[in-house]
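Overview (structure and organization)
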Amino acid sequence: MAGGIFAVLLIAFVVAMATQAVPAFSKLGVSFLWGSNWDPAHNHFGVLPFAVGTIETTVIAVALAVPIGLGTALALAYLAPRRLRAPLSTAVELLAAVPSVVYGLWGLVAVAPLFRTTVEPQLTSVLGWTGLLGGPNQGVGLLLAGVILFIMVLPTMVAISRDVLAAVPHDQVEGAMALGATRWQVLRKVIVPGARVGLLGAFTLATGRALGETVAVALVIGNSAHLAPSLKANAGTIPSLIVSSFGEASGTQLNVLFAAALVLLVVGIGVNALARVFVRSVKRSGAASVTVA
Amino acid sequence: MTEPLTTPAHIAQSIGLTTEEVFVGHHAGAAKAMRLENVTVTFGGRAAVRGVTFDAYQREVTALIGPSGSGKTTLLRALNRMHDTVRSAAVTGTVMLGDTDVYGRSTDPTLLRSRVGMVFQRPNPFPTMSIYENAVAGLRFNGVRKKSLLDEAAESSLVAAALWDSVRDRLKVHASTLSGGEQQRLCIARALAVEPEVLLMDEPTSALDPIATKRIEELIGELKDRVTIIIVTHNMQQAMRVSDRCAFLLMGEDRTGELIEFNSTSKLFSEPDDPRTLDYINGRFG
Ligand SMILES: Nc1ncnc2c1ncn2[C@@H]1O[C@H](COP(=O)(O)OP(=O)(O)OP(=O)(O)O)[C@@H](O)[C@H]1O
Ligand SMILES: [Mg+2]
């Protein structure tokens, strides 16, 4: 039942976005989706820089969130001293409830200066050879946006992962222990694989949130319409573009913004669907429960 | 207990003990694989089982019987230090595995557990692993990498657990596709693959149907030449069928389990020393 309601909602979303986006496609074709020149004043509506910015910030956020989130979740579920687990878990849950605008403002006033004076110079001296860190240290930019996104998705990632890790049946853990597994082996070979379906869910949720986050990113990314030449450069994402230009947009530009939103929606659904397919194949291949004659 | 035609000294030497160590005690002729002395397990200060002393002999099956709550599981889990993870649990007394003090300061619990295997009440193969991976999981935990060694161990342990013929063509299939009885035999194979000296079994057939139960019981008989077995069972017929010696536990007034009688199985079930044993085997309580 509820599933039906959500399906209807989803279709309603797509239809609403599409209706508004259609004029853009009829006027500009589809090529603006991968055009790299965004200059509404001269009728250039290339969305590529924002699409790339969206992907880059999401990749940074998720690349950091997966190992750190998983490690934190394992610590909360199994490793931390018992007395600390409950307070730490509460702290994580509280962090998940902080509104994103607060993360954005905090990123802008507290983290950006730290990035400019310390993090970016240090990173550049260590990883400058990759060519990804050219240009001045300015605090705001792609990297900061990715890191703020990471900090934003981390609590949700940790909270869900902790629960699914803790839900791995204890008899599995004992089965491994009884074979002489060390604590670390139990975690790696039994608990993490046993929780993989749920972990994938946490991962998908984090990715979805990172893809769609708007306000916080708009505050810390520097809002540039150009493809970022460096992780330290200003950039933009589709949500940050929409939120920062929707107010003054009209005509074709408005339609293009809807088209971009539609693209984001489709990508979001795609990530979700991919995860589902993966989850299903994992389940089919035998995460099923133990059957007893 | 009949030993092969060798001298007592030879037997002792072959298992790394002095002749005296082997023959001291009330069961001359058999070597002790595990010795329990005054073992008490408490949870949060309350004793679940108290003051248990008996020996488990090599090439024998020792059964732990007694009513529900008499501490059979608790006692069994003390033998491979499974209580280590339970914070409220404390074990006192002495448990010896050969000449290793199980609770000795220098004893590594993970190493110990590879010498004392365990099979649980509910079959618990690792559901994310294939049959093959389940069979060799213990070896992998113990650092064995070599493919040929793993293959060999997988085959020989699955053969020993009477599972090889039915799974040899589907080793890569997930373990959860097996029937309950097959899963339990896989768990036995998994335990055997690490070549433990002692195998602890906690009601290994209680979740299985009679046919699967029978196969496991036959298996126990076949295995006792290669591993000392200590089995918890609720089923007295099973204890009679599979065990050589039997320990009867019963909780006293304070609901703490105690060892009432330890005897050869035939003696315990025909003319027990303790009247409470007689009451129990005649179904008068429990
Ligand atoms: N982790 C634990 N914490 C507290 N008490 C426990 C724990 N495990 C067992 N006990 C207690 O120890 C006593 C003995 O339980 P145990 O499971 O060893 O009995 P059992 O003889 O195996 O019973 P059954 O035949 O039902 O399996 C019980 O009173 C039980 O409540
Ligand atoms: Mg029990």
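Remember, it's a predicted structure, so these values are computed and weren't measured experimentally.

When you tally the buried positions in helix α6 (residues 170-177) of chain A, you get 6 out of 8 residues, the bulk of the element. Among the residues of α6(A), A:Gln172, A:Val173, A:Glu174, A:Gly175, A:Ala176 and A:Met177 are the ones counted as buried. Looking at the buried side of α6(A), the elements it contacts are α7 (183-194) of chain A together with α3 (72-78), α4 (109-115), α5 (131-141) and α8 (180-193) of chain B.

Scanning all chains against the criterion turns up 7 aromatic pairs over all chains. For the pair A:Trp38 and A:Phe50, a centre-to-centre distance of 5.4 Å together with 80° between the ring planes defines the contact as edge-to-face. Taken together, the residues span a long stretch of sequence, with A:Trp38 in strand β1 (residues 38-39) and A:Phe50 in helix α2 (residues 48-79) at a distance of 12 residues. Assessed through its relative accessible area of 11%, A:Trp38 is described here as buried. Ring centres of A:Phe246 and A:Phe258 lie 6.0 Å apart, and the angle between their planes is 75°; on these two criteria the pair is classed as edge-to-face. Taken together, the residues A:Phe246 in the loop between α10 (238-245) and α11 (251-287) and A:Phe258 in helix α11 connect sequence positions 12 residues apart. An aromatic cluster of at least three residues, connected via ring pairs, comprises A:Trp38, A:Phe45 and A:Phe50. For the cation-ring pair, B:Arg190 lies above B:Phe126, with the distance from its terminal atom to the ring centre recorded as 4.4 Å. Against the face of B:Tyr57 rests B:Arg245, its NZ or CZ located 4.2 Å from the ring centre.

Residue and element names in this part refer to chain B. As far as domains go, chain B holds domain 1 (19-115 + 197-286) and domain 2 (121-195). Relative placement of domain 1 and domain 2: their C-alpha centres are 25 Å apart. Opposite the 17 residues of domain 1 that make contact, domain 2 presents 16 residues. Between domain 1 and domain 2, roughly 1400 Å² of surface is buried when both sides are summed, and carbon and sulfur atoms account for 62% of that area. Counting every contact that joins domain 1 to domain 2 gives 0 salt bridges.

Residues and elements named next belong to chain B. Inspection of the secondary structure puts Ile-281 in helix α12 (residues 275-281). C-alpha of Ile-281 to C-alpha of Gly-66: the two residues are 215 residues apart in sequence and 9.3 Å apart in space. Apart from residues no more than four positions distant in its own chain, Ile-281 is found in contact with Met-236, Leu-268, Phe-269 and Pro-272.

So, about the pairing of strand β3 (residues 61-65) of chain B. Residue and element names in this part refer to chain B. Across the 5 residues of β3, 5 count as buried, placing the element largely inside the fold. The two faces of β3 match: Val-61, Ala-63 and Ile-65 on one face and Thr-62 and Leu-64 on the other face are all buried. Where β3 and strand β8 (residues 228-232) come together, 4 bridges link them in parallel fashion. Residue Leu-64 lies in a different strand from β8, and its bridge partner there is Val-232. Sheet analysis places β3 next to strand β9 (residues 245-251), joined by 4 bridges and oriented parallel. Looking across to β9, one finds that Thr-62 is bridged to Arg-245.

This part takes up the side chain of B:Thr256. Residues and elements named next belong to chain B. Among the structural elements, Thr-256 can be located in the loop between β9 and β10 (257-264). According to the relative accessible area criterion, Thr-256 is buried, its value standing at 3%. Within the structure, the side chain of Thr-256 is placed 2.9 Å from the backbone oxygen of Ala-47, a separation counted as a polar contact. Those residues in contact with Thr-256, other than ones at most four positions away along the chain, are Arg-46, Ala-47, Ala-48, Val-49, Arg-50, Leu-250 and Met-251.

Rules and cut-offs
Residues numbered from 1 in each chain as written. Chains lettered and ligands numbered in written order. Predicted model: local features only at pLDDT ≥ 70, side-chain atom pairs only at ≥ 80, totals over all residues. Heavy atoms only, no water. Buried < 20%, exposed > 50% of the residue type's maximum accessible area, 1.4 Å probe, protein only. Helix = DSSP H or I, 4+ residues; strand = E, 2+ residues; numbered from the N terminus. Contact = heavy atoms within 4.5 Å. Phe/Tyr/Trp six-rings, centres within 6.5 Å; stacked < 30°, edge-to-face > 60°. Lys NZ or Arg CZ within 6 Å of the ring centre and 35° of its normal. Domains from an automatic or database assignment. Buried area = accessible area lost by both parts, 1.4 Å probe. Salt bridge = Lys/Arg side-chain N within 4 Å of Asp/Glu carboxyl O. Pairing = 2+ DSSP bridges. Polar contact = N/O pair within 3.5 Å; in protein donor to acceptor, adjacent residues only side chain to side chain.

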